[in-house]
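Observations on the model geometry
Next come the chains, spelled out residue by residue.
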Amino acid sequence: MEFRLLGTVSVDTRTGPLPLGPAKRRSLLAALLLSANTPVPVARLTDSLWGEEPPPRARGVIQGHVSRLRALLTGAEAQAYGVELVTLGDAYVLRVPETLLDYQRFEELLMLARQQRSAADTVRMLDDALSLWQGPALGGTFTEGPLQAAAHTLEESRLATVEELARAYADLGEHHRAASVLRAEAVAHPMRESLAAALILALYRAGRQSEALDWFHRTRRLLADELGIDPGHELADAYALILRGGPRPGAAPAGGTDAAGASRAGTDPAEGAGTTAPPGPRVPAAHSPSVATHPTDLLPRAPRGFHGRNAELAALTRAAAGEAPVCLVTGPAGVGKTSLALQWAHHNPAAFPDGRLFADLRGFSETGEPALIDVLREFLLALGVAPRRVPESVSAAAALFRSLTDRRRLLVVLDNARDSATVRALLPGGTDCVTLVTSRNRLEGLIASDAARPVPLGILEPQDGTALLAGVLGEERILAEPVAARRLAELCGGLPLALRVTAARLAGRPQWTLAGLADELADERGRLTFLDVDDTGVSAALRLTVQQLPADAVRQLARLGHHPGGHFDPYTCAALAGTDPAAAAAALERLGSAHLVTETAPGRWVLHDLVRLYARGLDPASGAEALVDVLDHYIATALAAADTAEPGGEPCFVLPEGYRPAAVRDFADRAAAMHWLATERDDLARAAVAARGAGLHDRAWRIILLQWPQVVWRVRDSWAPLLELALDSARAKQDLYAESRVLNLLGWVLTEEGRTAEALTLLERSPGLAQQAGDRLGEATALINLAVVQAGQGELDRALEGCGRAVVLAREEEDRHTEMLALQHLARLQLSAHRPGDALGSARTALALGPEHEEAARRSLLLAVSGEARLALGEEDEGILLLDRAAEEAERAGYDEGAVRALEALLRVSARAEYRTRHALALRRLTDGG
């Protein structure tokens, strides 16, 4: 038995491939195989099969596919191979030996190939690995979301293996074979520059220089026509090697070569795969002079202890490869923009034979910006202009600067620019010049006017942050406390400035432990204090950014510091700051331009942890007021979402005392409301926790309970802990209404999770509490939920009595929605008690309550109960007619579960081919996700 993902997803057995069926089932199998021997939650499987918009019956569809896969594996005697598909709680795990997985064997062969000392053995191993591929990875599945990412990762691994195979052939001197394996992939992936560069070098070394040059120009034109970009550094370096007649196998340039023909002096950058930063951006023209030293160099020294940022360095190289490029490095204070710019600028001085200029524009400095004429004078003097010939006006000096740089290959670094206008006056005139700008602002004007290519700079990953600490403190100190070092990197939020300050504190205090400082930093109240040293620190850097902002943006930032959640939108910001959403959106744009907030999705923003702490200190007295405002905003918005998702549904309640109304978004339909409830779930939970911590229990339980449409929709999605928090808050307020409502919902969740005994204990208390609170509809709903549990435990008489009482309560309250629900469950219970006449009467009464457009699921269920009751009464024709209507209504509304249920009841009493066909179609729609 063999499981294949490297091609069409399949399971090969001794008797042939298993008939896996529809694409959804193959997708489910692929998701399980990619996490073989690890439990995969239903939620992750749902994401893999449908992405962000799963159907209402997703869980049932997955269960159906799992059952079919389990049957197929059992039929193929999979257990004999150690293969088993099992259920673990709310997850599934496919237990399978790794030797049966083609992608695991592929990875093992790659690892073995890299351990070989002989190039010939490496070639054999890589050939064997690539022979496992039978087409594009994960073929025959719905490659969206997680599966699409997995397929892309596998394909990237295959292409990288092809490139490794070509290098192994090159080590053997078989450059024609290297070109052969690369050409097929380069044709299939014409935009992959690494393939094109490798092919060009292989052709060149095989003595096919004209083909190599032709392939370079073909790729260059394609990149320009399709993407509007110039060749990256790999292609550029390969082309440069050919133009300058670089080393071929057997030649020995002055620096000496190794066995593969690569210069030890680094004259062939394409062979230097081990370097940490990409080579320079320029392709030297054939006639360009080789200059050993620069006529002028104003760059500060290269940064010490620079770590990571390979992706950003490569992005800078790509951005600098065009004509007269302006590269724009942007990011928040302390993120390391200047270090990145200097690291890149220092890496390859030969790319700029006419010099490198640098100016700190001090756009965010307390000392103020230098005069433009002073910057231009320094540049002109560095370029050899006599002092008396430097113009006195900015416009004349800028014109002379452009003229002098027109035919030069120069790098100009403009650090800490505040606005676009300042940069424009300092741009060189030559098409071969590169300008590198850093700024805390996005400088969108420069992008619009001069096609500046932005390279946004974010925080460091924890491993890079730990490496930065090691660069200052030494590897020994980091290795002695690796967990504490990683914790420090995380507490510093990946901000290089914070990491350097932390390292400076530890370096000066060798007796301190990393764990001790991490404990100090864990206390948010003093974290910023610990991240300041002398005149350098996070607070100082942020202060220089904030002082450039208008007052309304500063006020908005200050209030955002008190937001209990992780994300916010203009409505949340408006509630916090006491403004309207339009004004809040404008303030967010201003804060985003200054990199104080980050937009993660349209209209959805986040705040870095250290910025949040700084913002909170801008106006600490407003914390309590801001918290109440945002809690009331969440209550109002959740109310609107619940009313839209379930109009006329329960629960409803009076607003809390002292409620402060704010602008609330409109939800166009149920889908929009449910989407908001889903995306805001984590922040709503944080808000509830913050409310309880502040003693605002009346708001805590409301924020949780108002998520009931999402709880009902995703009932097995770990809601119990949050509902238990709501229960604590309801009891803290001694609010019987709230306690009953929460118990009711929590009991139902526990029932669905299979925790029946716990559910029964809670639900038995709920009706009495609702009665004491005068909440008759809540009492009715509690009795219905209790009846479902009682019936499941064999207490049918008590269940019937409770459901009957629920009908009476709902009728007295004139609430048709709740009465129909109670009658539906009562009819099903009466049918289970062998009282078909009573069941028929209850179902008829319920159907008479609802209009024709009443929820299709409920009508279908009631018609099905009616049909089954007729059959039990011996009225077969009427029963078949009602069941047929139930199936038709379910089919018409896309309610496949109802259609399957009704048609299964029909097939028990009728052998009509039509019912079999419709049942098969409904079942297929259900298992295919409809």
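Residues numbered from 1 in each chain as written. Predicted model: local features only at pLDDT ≥ 70, side-chain atom pairs only at ≥ 80, totals over all residues. Heavy atoms only, no water.

Here we take up the overall build of the chain. Of the regular secondary structure elements, the chain holds 43 helices and 16 strands. In terms of its C-alpha atoms, the chain occupies a principal-axis envelope of roughly 105 × 75 × 55 Å. Pairs at least 24 apart in sequence give 68% of the contacts found in the chain among residues at least 6 apart. In the structure as shown, the chain presents an accessible area of about 40600 Å², 51% of it carried by carbon and sulfur atoms. (Helix = DSSP H or I, 4+ residues; strand = E, 2+ residues; numbered from the N terminus. Contact = heavy atoms within 4.5 Å. Areas by Shrake-Rupley, 256 points an atom, 1.4 Å probe, with all protein chains shown as cover.)

Counting through the fold element by element, Ser449 comes out in helix H16 (residues 444-450). A residue is classified by how much of its surface remains accessible, and Ser449, at 43% relative accessible area, is partly exposed. C-alpha separation for the pair Ser449 and Ser420, spaced 29 residues apart in sequence, amounts to 9.0 Å. At a separation of 2.7 Å, a polar atom in the side chain of Ser449 contacts the side chain of Asp450. (Buried < 20%, exposed > 50% of the residue type's maximum accessible area, 1.4 Å probe, protein only. Polar contact = N/O pair within 3.5 Å; in protein donor to acceptor, adjacent residues only side chain to side chain.)

Take the sheet that holds strand S16 (residues 604-606) next. Spatially, three strands are ordered S14-S16-S15 in an open sheet, and the strand pairing comes out antiparallel. Strands at the two margins of the open sheet, each flanked by one partner only, are strand S14 (567-568) and strand S15 (598-601). Across two bridges, the pairing between S14 and S16 is antiparallel. Its bridge partner lying in S16, Phe568 is registered against Trp605. (Pairing = 2+ DSSP bridges.)

With that out of the way, let us pick up the nonpolar core. Trp344, Leu436, Leu560 and Leu596 are the most contacted members of the largest nonpolar core, which totals 123 residues. Broken down by element, this core gets its largest block of residues, 12 residues, from helix H28 (residues 623-645). Counting 81 residues, the second-largest nonpolar core is a separate cluster that includes Val42, Leu85, Leu154 and Leu195. (Core = buried A, V, L, I, M, F, W, Y, C linked by side-chain atoms within 4.5 Å.)

Attention shifts here to the pairing of strand S8 (residues 356-360). Here S8 lies mainly inside the structure; four of its five residues are buried. Judged from the five bridges that link them, S8 and strand S9 (residues 411-415) form a sheet pairing that is parallel. Directly across from Phe358, in S9, lies its bridge partner Val413.

So, about the confidence of the model for the chain. Per-residue confidence for the chain averages 83 on the pLDDT scale, and 90% of its residues sit at or above 70. Below pLDDT 50 for its whole length, residues 250-294 participates in 77 contacts with residues either more than four positions away or in separate chains. (pLDDT = per-residue confidence, 0-100.)

In contact at an axis separation of 8 Å, helix H7 (residues 175-188) and helix H8 (residues 193-205) are set at 150 degrees when each is read in the N-to-C sense. Here H8 runs roughly antiparallel to H7, going by the angle between their axes. The handedness of the crossing between H7 and H8 is left-handed. Between H7 and H8, the residues in contact are His175, Ala178, Ala179, Leu182, Arg183, Glu185 and Ala186 and Leu195, Ala198, Leu199, Ala202, Leu203 and Arg205, respectively. Here the contact of H7 with H8 is built from residues that sort into nine nonpolar, one polar and three charged. (Axes fitted to C-alpha atoms, helices over the stretch in contact; angles between N-to-C directions. Parallel < 35°, antiparallel > 145°, perpendicular 65-115°, else oblique. Left-handed = near helix turned anticlockwise from the far one by under 90°. Nonpolar A, V, L, I, M, F, W, Y, C, P; charged D, E, K, R; others polar.)

Overall, the coordinates contain 51 salt bridges when judged by the stated rule. Where salt bridges share partners, they join Asp884, Glu891, Arg912, Glu914 and Arg918 into one cluster. (Salt bridge = Lys/Arg side-chain N within 4 Å of Asp/Glu carboxyl O.)

Below, the discussion takes up the sheet that holds strand S4 (residues 40-41). Taken in spatial order, the three strands make up an open sheet running S4-S6-S5, and their pairing is antiparallel. Both outer strands of the open sheet, S4 and strand S5 (84-88), are each paired with one neighbouring strand and no more. Judged from the five bridges that link them, S5 and strand S6 (residues 91-95) form a sheet pairing that is antiparallel. Along S6, the bridge assignment pairs Val86 with Val93. Across the face of the sheet, helix H3 (residues 58-75) comes into contact with S5 and S6 while running at roughly 145 degrees to S5.

This part takes up helix H41 (residues 876-893). Structurally, the α-helix is built with 3.6 residues per turn, so residues lying three or four positions apart point the same way. Over its 18 residues, H41 runs 26 Å from end to end, which matches the ideal 26 Å to within 8%, given 1.5 Å per residue. Buried within H41 we find Gly879, Ile880, Leu882, Leu883, Asp884, Ala886, Ala887, Glu889 and Ala890. Positive phi appears at Gly894, one or two residues downstream of H41, with a value of about 75 degrees. (Expected span 1.5 Å × (residues − 1).)

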